[in-house]
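Below, each chain spelled out in residue letters.
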Amino acid sequence: MTLRLHDTATRETRDFVPLQQGRAGIYVCGLTVQSEPHVGHVRSAVNFDVLRRWLSATGYEVDFIRNVTDIDDKILAKSAEQGIHWYALAAAMKRELDSALAAINVLPPTYEPGATGHVPEIVELIEQLIARGHAYAAEDGSGDVYFDIRSWAAYGELTRQKVEDMEPAGDADPRGKRDPRDFALWKGWKKESEPQTASWPSPWGPGRPGWHIECSAMAGKYLGPAFDIHGGGVDLRFPHHENEQAQSRAAGRPFSSYWLHNAWITTAGEKMSKSLGNSLLIPSVLERVRGIELRYYMVAAHYRSHVEFSFEALDDAAKAFRRIEDFLERAAGVVGTWFAAMPDDFRQAMDDDLGTPAAVAVIHDSVREGNRLLADGPSDELSQKFGEVIAMLDVLGLNPADPAWATSGSDDKLSAVVDALVQGLLAERTAAREAKDWARADTIRDQIANAGLEVEDTPAGPRWSIDAGSV
């Protein structure tokens, strides 16, 4: 089956045909590093990480570019509120973002460009647009430069909107615009309210890039004038991606062949954001579940489906993933030689617009069959199921054996101590059961349960695990 992806531009799920056989170029809009990342922020990174892994698993060489917006109005405003340099805020929040993405096993991009490092490329692109008659410098002395939307007849084609129905662009003072819907390519330095460090020289005077132009310039630099896939959150379709496409094509660059957009994670039906007071920062969430469980929660939903976040749903996802881990843990000591091979049903699910819900269902089917085989001891069939589960989890970034999930040495020592203590209690419980002292056995089981652990009696003896509902 050929990989098929839902292209936002055509509203169709189309066969993926790369510009260069065996190679895929992907550009994903990363975050504006203005604040700590929350669950809603990192969903896009997880979704497109799965796309990247699937392309790699099916033989593609992937060039994956994910940018960082490290200068914009919000960064300047928040740094001023906090009384720190804007670049210090951006750097600190970039470190927070890196830590959050590493905690959920998002692979580093091939390259991660920042807007402040690409001002020459941005200025060059703006000059091309002016020369082609698609951009103009404001006549009010502000130093602003705008894209002339009326000069580009196809403006609105990505989101299928008519210019007459659009609201004015709110990214700059409208006084210097020919049309209130024209958007800023370059923002002149406002010396009364902005630090000089937030400006760069340009033919139009000191200033800084507009939000939209940075992505066109960086995508072009690293992927070329035409590339395969542009991704980002559904909220970026307009105006950001509409503007990216318009200015890139107006400059003579074909730009992206496919547009992919992931849906939101919401709370109470609203987009998750700090302004709503419902932000769930990654370190706080990881106090409740492990990073691998949070990633499973995100991967189990289709990237185009909206997810209504709740801790109950997160706990249920953690329990479901621990059933997979439990099988791998028990089977690892039984299977001999095994080979990682993905079942056809899993491949078909992933090729169908990254159908991760169906793909996860295939994993659980293999786990159930593996548990049945495990009761009969070692077999080729059990080794096959074990290998299938490992291969599928690798594609989704959920293999517990991946070094990315390795804990620190201190945590390993703590786990060993806890295991020794629990094993002592389990031995005492086993002795009580053999002596038919059921009251004592139940008391020990309750003691273990109250500590947030779960005991399973198996033919090989009792086993303990952390109860997902108690984390």
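Residues numbered from 1 in each chain as written. Predicted model: local features only at pLDDT ≥ 70, side-chain atom pairs only at ≥ 80, totals over all residues. Heavy atoms only, no water.

Now for the packing of helix H8 (residues 291–299) against helix H9 (residues 311–332). Axis separation between H8 and H9 bottoms out at 9 Å; the angle between their running directions is 105°. Judged by the angle between their axes, H8 and H9 are roughly perpendicular. Here Ile292, Glu293, Leu294, Tyr296 and Tyr297 of H8 lie close against H9, whose contacting residues are Ala313, Leu314, Ala317, Ala318, Ala320, Phe321, Arg322 and Ile324. The class makeup of the residues in the contact of H8 with H9 is 11 nonpolar, no polar and 2 charged. (Axes fitted to C-alpha atoms, helices over the stretch in contact; angles between N-to-C directions. Helix = DSSP H or I, 4+ residues; strand = E, 2+ residues; numbered from the N terminus. Parallel < 35°, antiparallel > 145°, perpendicular 65-115°, else oblique. Contact = heavy atoms within 4.5 Å. Nonpolar A, V, L, I, M, F, W, Y, C, P; charged D, E, K, R; others polar.)

If you check the domain split of the chain, you get domain 1 (4–262), domain 2 (274–405) and domain 3 (410–466). For domain 1 versus domain 3, the separation of C-alpha centres amounts to 54 Å. (Domains from an automatic or database assignment.)

Time to look at the pattern of salt bridges. Applying the stated criterion to the full structure yields 28 salt bridges. A salt bridge links Asp98 to Lys94, with the nearest nitrogen and oxygen atoms 2.8 Å apart. You can see Asp98 and its partner Lys94 sitting in helix H3 (residues 86–103), 4 residues apart, about one turn around the helix. On the accessibility criterion, Asp98 (34% relative accessible area) is partly exposed. Taking the shortest distance from any N to any O, the salt bridge between Asp179 and Arg181 comes out at 3.0 Å. Neither Asp179 nor Arg181 differs from the other in exposure class; each is buried. Among the charged side chains, a network of salt bridges with common partners joins Arg66, Lys94, Asp98 and Glu112. (Salt bridge = Lys/Arg side-chain N within 4 Å of Asp/Glu carboxyl O. Buried < 20%, exposed > 50% of the residue type's maximum accessible area, 1.4 Å probe, protein only.)

Below, the discussion takes up the environment of Ser99. Here Ser99 is to be found in helix H3. For the pair Ser99 and Pro37, spaced 62 residues apart in sequence, the C-alpha separation works out to 9.7 Å.

In this model, the chain carries a mean pLDDT of 90, and residues with pLDDT of at least 70 account for 92%. Between residues 408–414, whose pLDDT stays under 50, and residues either more than four places distant or in other chains, the model counts 1 contact. (pLDDT = per-residue confidence, 0-100.)

The amide bond that connects Phe238 to the next residue, Pro239, takes the cis arrangement and shows omega of 10°. Within the secondary structure, Pro239 is located in helix H6 (residues 237–250). Although it is not a glycine, Asn105 sits at a positive phi angle of roughly 60°. Residue placement: Asn105 occurs in the loop between H3 and helix H4 (119–131). With relative accessibility at 5%, the residue Asn105 sits in the buried group.

Here we come to the side chain of Asn399. Within the secondary structure, Asn399 sits in the loop between helix H12 (380–396) and helix H13 (409–434). A distance of 3.0 Å separates polar atoms of two side chains, one belonging to Asn399 and the other to Asp394. For Asn399, the residues in contact, after removing those within four places along its chain, are Ile292, Ile390, Leu393, Asp394 and Trp405. (Polar contact = N/O pair within 3.5 Å; in protein donor to acceptor, adjacent residues only side chain to side chain.)

One way to put it is that helix H1 (residues 39–57) packs onto H12 with a least axis distance of 7 Å and a crossing angle of 130°. Comparing their axes, H12 and H1 come out oblique. Seen from H1, the contacting residues are Val50, Arg53, Trp54 and Ala57; seen from H12, they are Asp394, Val395 and Leu396. Considered class by class, the residues forming the contact of H1 with H12 number 5 nonpolar, no polar and 2 charged.

Before going further, it helps to spend a moment on H6. Taking 1.5 Å of rise per residue, 14 residues should cover 20 Å, and H6 covers 18 Å from first to last C-alpha, within 8% of that figure. Among the residues of H6, those classed as buried are His240, His241, Glu242, Asn243, Glu244, Gln245, Ala246, Gln247, Ser248 and Ala250. Phi turns positive, to about 90°, at Gly252, one or two residues after H6. (Expected span 1.5 Å × (residues − 1).)

What follows concerns the sheet that holds strand E4 (residues 61–66). Strand pairing in a sheet relies on backbone hydrogen bonds. The paired strands run either parallel or antiparallel. The strand order across the open sheet built from 4 strands is E4-E3-E9-E10, with neighbouring strands paired in parallel fashion. Single-partner strands in this sheet number two, and they are E4 and strand E10 (255–262). Across the sheet, the mean angle from the axis of one strand to that of its neighbour is 25°, orientation sign disregarded. Judged from the 3 bridges that link them, strand E3 (residues 23–28) and strand E9 (residues 226–233) form a sheet pairing that is parallel. Bridging across to E9, Tyr27 finds its partner in His230. Packed onto the sheet, H6 meets E9 and E10 and runs at close to 175° relative to E10. (Pairing = 2+ DSSP bridges.)

This part takes up the pairing of strand E2 (residues 12–15). Across 4 bridges, the pairing between strand E1 (residues 4–7) and E2 is antiparallel. Residue pairing for E2: Asp7 is matched across the bridge by Glu12. Linking E1 to E2, which pair antiparallel, is a turn of 4 residues; within it Arg11 sits at a positive phi near 60°.

Attention now moves to the sheet that holds strand E7 (residues 183–188). Within the open sheet, the 4 strands sit side by side as E5-E6-E7-E8. Their pairing is antiparallel. Here the strands that pair on one side only, and so sit at the sheet edges, are strand E5 (135–137) and strand E8 (207–209). The mean inter-strand angle of the sheet, taken between neighbouring strand axes irrespective of direction, is 20°. Both strand E6 (residues 145–147) and E7 contribute to a ladder of 3 bridges, which runs antiparallel. Bridge pairing links Phe147 to Phe183 in E7. Packing against the sheet, H4 makes contact with E5, E6, E7 and E8, and its axis sits at approximately 125° to E7.

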